[in-house]
Amino acid sequence: MVAPLSLHRVLGPGLLSLSVVCGSACGSSNPGTPSGDAGAADGGGVTCEGVDLQESAEHCGRCGHSCGSAACTAGVCELQLLKEMRAGSVIQAQALNGTLYFNVDDSIQSLSATNDLRNFGAYQNFFATSDRVFAINTFRNDLDVIPLASGEAGKIVPKVDTPSIGEIREVVSDGADLYLNVRHDNGTEGTAIHRVPSAPGNPVPELVYDSGGVKQSGAVLRLFVDQGTVYFVGVKSSAFGLYKLDDTAAPLWSLSSSRFLDVNGGRAAGFRSESVLEVRAADGAVSKFDVAATEQGVIFGDSVYLTSVSGSGGDPTQWSATVRRVPLDGKPVEVLKQVDLTKDKPANDTAPARGELHMARDDKAIYWALLQGDARSADKTLRLWKWVP
């Protein structure tokens, strides 16, 4: 899975209830659009004879399409507010198997499908798998492995010994090994990728990619894992590209900016410019979509989901957030959710507010973590949302 990059924006302090808006523009290709019949199976031999597909949370819109703990209305799963809490900052989010992992106030926490909150301790970056969380402590510059199994909470296996390779900035796993995005400790200020076994112990890191001292924003900007393959966004000769780690001679895909959004199912999404979204299919074919400026996005099913934050007339106290769906079949872009971030803000409060917005996905749903509040305060409101398309 992918852990989205940190975003910091000036936002307002209020939040409207997010509602799914899906009118006649939603065709049968929309995963949340009612389709099929009550007797049909939706994989796995599931049947639902006599079930109302318009209201059943277990068979919402089509047989076997579950909303989880959310309600089903008119054959579409409703957006679900998972948690509201006080926080000062959020820098990362990742979803896996119905659990949302997020870094809040420099500690890793998770919110399970049953709404259980767990704190893993103070760390700055992490990557979760089905049975463990790999966590970076940048103050100690080491890597801890935290088992998820019941009864083992808080048990830490020995650290990976990495002082010789510089600052660890990011970690991902392909299911067998760990891949560390690190800053050189040799004066070049470039970055490199090292591989280490994910088993407990103190293995010697293996260098698998070296930036050669490129300094522009860090030569390795971001790591992705898709279907057991490791990708990275890198800079070579001031050009941005998406590379497969096992073939770094030439980029798999080049863009004019570093705004790569996601890699999922062999497909990749990123922005060619401020208003041109491109999606690269597994066979290399590229589709283009005219879409306004976007902060984050994920590929899910037959669409790309995008988030954006915009102000009104340049006024830093008037902001809103929008979630859009871009169908990959060429149908019109849909505004799925609209958030008024300035609702209930006092008219005489002109202080700029601060917000952080993060997006994540697993194989069942899409998640958002929205932090908002006065920029002068470390006590803001964090709301965690989930939607099953």
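Everything quoted here is computed from the prediction, not taken from an experiment. (Residues numbered from 1 in each chain as written. Predicted model: local features only at pLDDT ≥ 70, side-chain atom pairs only at ≥ 80, totals over all residues. Heavy atoms only, no water.)

Peer 1: Residues and numbers for the side chain of Asn125, please.
Peer 2: Mapped onto the secondary structure, Asn125 falls in strand β8 (residues 125-128). With residues near it in sequence (within four places) discarded, Asn125 still touches Gln92, Asn103, Ile108, Phe134, Ala135, Ile136, Arg169, Glu170 and Val171. (Helix = DSSP H or I, 4+ residues; strand = E, 2+ residues; numbered from the N terminus. Contact = heavy atoms within 4.5 Å.)

Peer 1: Help me get a handle on unusual backbone geometry, residues and values and all.
Peer 2: Phi at Asn97 takes a positive value of approximately 55°, unusual for a residue other than glycine. Positionally, Asn97 belongs in the loop between β4 (90-96) and β5 (99-104). For Asn97, a relative accessible area of 53% corresponds to the exposed category. The backbone of Asn115 sits at a positive phi, close to 70°, despite the residue not being glycine. For Asn115, the position within the fold is in the loop between β6 (107-111) and β7 (117-122). Judged by relative accessible area, Asn115 falls into the partly exposed class, the value being 38%. (Buried < 20%, exposed > 50% of the residue type's maximum accessible area, 1.4 Å probe, protein only.)

Peer 1: Lay out the pattern of salt bridges with the relevant residues and their values.
Peer 2: Counted according to the given criterion, the structure contains eleven salt bridges. Residues Arg325 and Asp302 are paired through a salt bridge, measuring 3.5 Å at the closest nitrogen-oxygen approach. Residue Arg325 is found in strand β25 (residues 315-327), and its partner Asp302 is found in the loop between β23 (296-300) and β24 (303-312); the two are separated by 23 residues along the sequence. Among the residues examined, Asp302 registers a relative accessible area of 24% and is labelled partly exposed. (Salt bridge = Lys/Arg side-chain N within 4 Å of Asp/Glu carboxyl O.)

Peer 1: So what's going on with the state of the cysteines? Residues and values would help.
Peer 2: Here the structure, examined in full by the defined rule, presents three disulfides. At a sulfur-sulfur separation of 2.4 Å, the disulfide partner of Cys48 is Cys63. Of this pair, Cys48 sits in the segment before β1 (72-73) while Cys63 sits in the segment before β1, placing them 15 residues apart in sequence. Assessed through its relative accessible area of 2%, Cys63 is described here as buried. (Disulfide = S-S within 2.5 Å.)

Peer 1: For the pairing of strand β11 (residues 168-173), give the residues involved together with the corresponding values.
Peer 2: Along any regular strand the residues' side chains alternate between the sheet's two faces. Burial of β11 is extensive: five of the six residues sit out of reach of the surface. Where β11 lies against strand β12 (residues 177-183), five bridges are found, and the strand directions are antiparallel. Each bridged residue has a counterpart across the sheet, and for Val171 the counterpart in β12 is Leu180. Remark: three residues form the turn of the hairpin made by β11 and β12, two consecutive strands paired antiparallel; Gly175 in that turn has positive phi of roughly 100°. (Pairing = 2+ DSSP bridges.)

Peer 1: Could you give me a rundown of the nonpolar core, with the residues and numbers involved?
Peer 2: Core analysis: the biggest nonpolar cluster contains 41 residues, and Leu100, Phe102, Tyr305, Trp368, Leu382, Leu384 and Trp387 have the highest contact counts within it. Ranked by residue count, the leading element in this core is strand β28 (residues 366-374), at six residues. When near neighbours in sequence (up to four residues on either side) are disregarded, Leu100 contacts Ala93, Gln94, Ala95, Gln109, Ser110, Leu111, Ala360, Tyr367 and Leu384. Counting 23 residues, the second-largest nonpolar core is a separate cluster that includes Ile168, Val172, Ile193 and Val196. (Core = buried A, V, L, I, M, F, W, Y, C linked by side-chain atoms within 4.5 Å.)

Peer 1: Would you mind going over the sheet that holds strand β22 (residues 286-290) in detail, with residue names and values included?
Peer 2: Pairing in this open sheet of four strands is antiparallel, and the strands run β19-β20-β21-β22 from one edge to the other. The sheet is open, and its two borders are formed by β19 (260-264) and β22, each paired with just one other strand. Put simply, the sheet's adjacent strands are angled 20° from each other on average, direction ignored. Note: β19 against strand β20 (residues 267-273), four bridges, orientation antiparallel. Note on β20: the bridge partner recorded for Asp262 is Ala269. (Axes fitted to C-alpha atoms, helices over the stretch in contact; angles between N-to-C directions.)

Peer 1: Describe in detail the environment of Ala74, supporting the description with residues and values.
Peer 2: Relative to the helices and strands, Ala74 is located in the loop between β1 and β2 (76-77). With 21 residues separating them in the primary sequence, Ala74 and Leu53 have C-alpha atoms 8.0 Å apart.

Peer 1: Summarise the confidence of the model for the protein chain; cite the residues concerned and give the values.
Peer 2: Mean pLDDT for the protein chain: 77, with 72% of residues reaching 70 or above. Here β25 stands out as the element of the protein chain with the lowest mean pLDDT, 75, in contrast to β1, whose mean of 96 is the highest. Segment residues 1-36: pLDDT under 50, and 137 contacts once partners within four positions in sequence are set aside and those in other chains are kept. Across residues 153-163 the pLDDT falls below 50, and counting only partners more than four positions away or on other chains, this stretch makes 36 contacts in the model. (pLDDT = per-residue confidence, 0-100.)

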